[in-house]
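# A look at the structure
These are the residues of each chain, in order.
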Amino acid sequence: MRATVKDNIAVFTPQGFLDGNSSAAFLSIEDIQATAALKVNMVLVSLKKVIFFNPNGLEAFIKMFKKVRIANHAIVGFCDYDKKKFHTINKFYKDELTFSLYETYEIASLFTSSFKDNSKTVLLYNEDKSQRSAMAIELHDNGHNPIIAVNENDFLEKSSHPTAYDFIIKDSYIGQMGQKIATRVAGNAIIYTIKSFLDVDLGTTFNIDYHNNSLNVGFKLFIFDAYKVVGMNVHALNFFSRLASSAAEYNATICFVGYTFEKTPIAFKETMEDSGMMFFNQMDDILQDKELLLELGGGGTSVVNKRQLNKIIVSELPRFIDATVLIIEMMTNSTAVKKSVQIHDIEVLDKKDKIAGSIGFYGEIDGMIILVFPKGIAKKACELLIGEGIDDEDLILDSLSELVNIIGGKVKSLLADKGISVNITLPRTYSPIDSLIEMSARRKGVQVDLTFNGDKFLFFLTR
Amino acid sequence: MITKNKIDDYIERIPPAPKALKETLMFLNMGELTKAAKVAETDLALKTYLKNIVNKPIYGFRNEVSEISQIFGILGVAGSKQTVYNYMITLLSPKKWVLFKLNASGFHSLQDYLSIQWQKILTHLNIKDVDIQNAITLLPASIIITEALFNEKIQEVKLLRSVKSLDYNTILQRLCHVDLFDICEQIAQKWEMPNKISEILQASSGIKPSHDATINELGKWMHLLLFYELSKPQIIEAGLNDFIDFQIEYVEDIYEEFSTIIGIEK
């Protein structure tokens, strides 16, 4: 069984009965290796469709958790259970819970980062004080607003106003947390929370794909929240220097907030400043200073992208279009037709009621695919993923990001057939599409007008 | 990916039930075991299937049974009909499985286990209706149909399922507005199987509860039994655990009773 991957979270959804016999059958050695190789922040096993389980039934998944943690430091655990299942797992493992437990997938996703700028208000209660604090810290680091109930009565009182919270967490547990660096989006800035001593592990705990994707889709300001950093060694310094080089290529800025350098050689600071990195005492020194934000690139102003379409990208264009056409045809059971191909800046005549999705690819070649749809057409294209009669825009956007992810996967496999190895970034969606247009302004690319069932949409390939 | 035309074409290509099978079933319906056995003897494939099936350890016969009349005698009218129906379903199965890692023997085993466990459930529920006993035979047809419709689309389905946990039944329903259980029903009609079989099967999908309380209750038992069997290691390894969506809420109220009948250790 393979996990479904979305928003940097891999989820296994076994069904039926989990016992000692079935458990091992769900996960072959190849499945475990493939999961460990995933560059995700979290690996979950959903118990939503499991009607029976015993300790032996969970064993194979727990072994997989251990391997995944060793390989990529991701958060691991079970989710989507009811109160009874929660108590059963606690009874099985008592004080030996090394993995996490999240009541729902949505609650689990609060503890990791995605591109969504959606800081949530979360009511939180756990009878164990250290658990309460750990959860609150993690939620805060991921950009949410945790409100802690200090005892059962306090929880009952606070939870009697459920509309005051986006989420209520009660039957969850934080095991060994992931060592991935927490990431959140604040306006047009990306904030990474780093802590303790920074060393060679930064290379594995920092999600470089996410960072590259952020650069590629136009983020210009990256802030390292370094209040809790004790110090760093030369490996970490080298890591940041490399980051500064790639940021310079995109005209982006890297800032550090709250780093005291008490236990770090001051020469390190000078090296980092020479590489273009900036240091501030307080987060608000940046986020509340609109002029500075604009100057640093956090105001969302676009700058000229110096990266041009190159010969290899253009020569592989048919593969990109084929991937898009094949997937749209698969999703809609209709024939997709290519109308016109032109090389120019992205051109959307009427931005009203349009939504868009983009996905980057990098490796032997790099670039970005953008799809722009009228809202109604996007809904049609996503019906297989979302079902019929759904008008919720968030759900449509969510499905559009899945759609571009599938297209990205197809591009990857079509290019692999030609011996070109690429990886794909996380998908991103835009509604309205102004930020996309701003980000892609003056980026030359190949624009293809496509139709399926007479409905038009736009494909744009750029670097 | 899969179109309504492809489904229609698939159903169109399913041949009518062979004459010998129809006659065997006719005599079994009349309770004429000897006459039924005589006709069954003329269909060599059916004869071989019956001999192979009943001599498996799961049936628990001490001595080898070789005569069809003997086999029908041991199985009785209901059991014989069930076995003949199981055979009819195997006529649909592919020579080579591609989508699922199955083979003829694995598929037959699944049929056997479903039939035997279904009988246990019906005994517990004190149901002796022959059509209800036979209803279980149509269920594995849904697996064969999935294999037939999706075997050329493995890569596409893989890509789709890598980002969204969608079962084959939902994919089919969303693309063609027809699901696996509707197709099973059409096959049942083509083969003139009693309506009750299709009704129970539709309820057993877990997403189309029947207005008839008895049929609905049987649908729940069948849905849960299917997932009990789909949780067996060899079936999981075949890739069948999530070929349709398990509707846990649908069966929750019968779970305790089910686990007692089947003997699940707590």
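Criteria and thresholds
- Residues numbered from 1 in each chain as written.
- Chains lettered and ligands numbered in written order.
- Predicted model: local features only at pLDDT ≥ 70, side-chain atom pairs only at ≥ 80, totals over all residues.
- Heavy atoms only, no water.
- Axes fitted to C-alpha atoms, helices over the stretch in contact; angles between N-to-C directions.
- Helix = DSSP H or I, 4+ residues; strand = E, 2+ residues; numbered from the N terminus.
- Parallel < 35°, antiparallel > 145°, perpendicular 65-115°, else oblique.
- Contact = heavy atoms within 4.5 Å.
- Nonpolar A, V, L, I, M, F, W, Y, C, P; charged D, E, K, R; others polar.
- Pairing = 2+ DSSP bridges.
- Right-handed = clockwise from strand over helix to strand, strands pointing away.
- Buried area = accessible area lost by both parts, 1.4 Å probe.
- Salt bridge = Lys/Arg side-chain N within 4 Å of Asp/Glu carboxyl O.
- Polar contact = N/O pair within 3.5 Å; in protein donor to acceptor, adjacent residues only side chain to side chain.
- Domains from an automatic or database assignment.

### A short note on the packing of helix α11 (residues 180-190) of chain B against helix α12 (residues 195-203) of chain B
Residue and element names in this part refer to chain B. Two elements in contact, α11 and α12, have axes whose closest approach is 9 Å; the angle formed by their N-to-C orientations is 170°. As summarised for this structure, α11 and α12 are arranged roughly antiparallel, according to the angle between their axes. Note on element contacts: α12 touches α11 through Ser 198, Leu 201 and Gln 202, opposite Phe 181, Asp 182, Cys 184, Glu 185 and Ala 188. Here the contact of α11 with α12 is built from residues that sort into four nonpolar, two polar and two charged.

### Some details on the pairing of strand β9 (residues 145-148) of chain A
On a regular strand, each side chain points to the face opposite its neighbour's, so the side chains alternate between the two faces of the sheet. All names here are of chain A. Note: strand β8 (residues 121-124) against β9, four bridges, orientation parallel. From the neighbouring strand, Val 122 faces β9, where its bridge partner is Pro 146. Since β8 and β9 lie parallel, the crossover through helix α6 (residues 129-141) that links them has a hand, and here it is right-handed.

### Observations regarding the interface of chain B and chain A
Frequently, the measure chosen for interface size is the accessible area that the parts lose on association. The interface of chain B with chain A comprises 38 residues on the first partner and 37 residues on the second. Summing the contributions of chain B and of chain A, the shared interface buries around 3000 Å²; its carbon and sulfur component is 64%. If you sort the residues of chain B by the area they bury against chain A, Leu 159, Val 163 and Arg 174 of chain B come out on top, with a joint share of 20%. When the shortest N-O distance is used, the salt bridge between Lys 164 of chain B and Glu 402 of chain A registers 3.7 Å. Counting across the interface, chain B meets chain A through twelve residue pairs in polar contact (both at pLDDT 80 or more). Broken down by element, the side of chain B that touches chain A gets its largest block of residues, six residues, from helix α9 (residues 154-163) of chain B. Of the residues that constitute the side of chain B that touches chain A, the class distribution is 21 nonpolar, seven polar and ten charged.

### Here's the deal with the domain arrangement of chain B
All names here are of chain B. On domain assignment, one finds that chain B holds domain 1 (19-90) and domain 2 (94-262). Of the residues lining the interface, 14 residues belong to domain 1; the matching set on domain 2 comes to 24 residues. Interface area lost by domain 1 to domain 2 is led by Gln 82, Tyr 85 and Ile 89, which between them contribute 38%. There are two salt bridges connecting domain 1 and domain 2. A salt bridge links Glu 192 to Lys 22; the nearest nitrogen and oxygen atoms lie 3.8 Å apart. The set of elements that each furnish at least two residues to the side of domain 1 that touches domain 2 consists of α4 (44-54) and α5 (68-90). In terms of residues, the side of domain 1 that touches domain 2 owes the most to one element, α5, which gives eight residues. Per-class residue counts for the side of domain 1 that touches domain 2 are eight nonpolar, three polar and three charged.

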